[in-house]
Amino acid sequence: MADVAAGAREQLVVTGSRSREKAYLAAVETAVAQHPDLVHYRVLYGPPRHRALTDHLLRLLELRDPSARRNGVKTLHIGLVEPTEALERFFVASESAAVVPLPSFHGADGFDCGVLLSREAAVGLVHHGREACASARPVETIEAVRALPVRHN
């Protein structure tokens, strides 16, 4: 997942509210910081499950202003899918690859396995994520992120 994020140059879509892996979140932040034309979509399904994700969202907002338009294009989108009964989707996708996490083969609480998908499938997931984000409630200010409850610290 970190490799998909690091390799994104045009679009990066990340979905889910459970992310907490530091290297992965750092890879997303680095991609956003180093590639100003990269359009990043973060789609939450319910509030963040862990403080690490909330902190990550705040860092994204420090890196980019969602109201800014680079070359006429909005490059940061953060949305919360409502209603809360919507089934959570987990994936990271760029214009060239995607990963869909699977439940762990090693324990009941992790997501340390996944399926790597090619460019064709990745493009479909980018489209899916963009549509999900477009229909989600924007969470694009520091105040809005801080107002989200966190299920676990």
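Remember, it's a predicted structure, so these values are computed and weren't measured experimentally.

Asker: Help me understand the pairing of strand E5 (residues 76–81) in this model?
Answerer: Residues in a regular strand project their side chains so that they alternate between the two faces of the sheet. Of all six residues making up E5, six are buried, and the element is well covered by its neighbours. The two faces of E5 match: Leu76, Ile78 and Leu80 on one face and His77, Gly79 and Val81 on the other face are all buried. Both strand E2 (residues 39–45) and E5 contribute to a ladder of six bridges, which runs parallel. Note on E5: the bridge partner recorded for tyrosine 41 is histidine 77. With two bridges connecting them, E5 and strand E9 (residues 137–138) associate as antiparallel partners. Looking at the pairing, leucine 80 lines up with arginine 137 of E9.

Asker: Help me understand the pattern of salt bridges in this model?
Answerer: When their charged atoms lie close together, side chains carrying opposite charge are able to pair. Scanning all chains against the criterion turns up six salt bridges. Aspartate 37 serves as the salt-bridge partner of arginine 70, at 2.5 Å between the closest nitrogen and oxygen. Of this pair, arginine 70 sits in strand E3 (residues 69–70) while aspartate 37 sits in the loop between helix H2 (22–34) and E2, and the two are 33 residues apart along the sequence. The partly exposed category is assigned to aspartate 37, whose relative accessible area is 44%. Across the pair glutamate 88 and arginine 49 runs a salt bridge whose closest N-O atoms are separated by 3.1 Å. Here glutamate 88 is found in the loop between E5 and strand E6 (91–94), whereas its partner arginine 49 is found in the loop between E2 and helix H3 (51–63), with 39 residues between them in sequence. You can call arginine 49 buried: its relative accessible area is 9%. Each of Arg18, Arg49 and Glu88 takes part in one network of salt bridges that share partners.

Cut-offs applied
Residues numbered from 1 in each chain as written. Predicted model: local features only at pLDDT ≥ 70, side-chain atom pairs only at ≥ 80, totals over all residues. Heavy atoms only, no water. Buried < 20%, exposed > 50% of the residue type's maximum accessible area, 1.4 Å probe, protein only. Helix = DSSP H or I, 4+ residues; strand = E, 2+ residues; numbered from the N terminus. Pairing = 2+ DSSP bridges. Salt bridge = Lys/Arg side-chain N within 4 Å of Asp/Glu carboxyl O.

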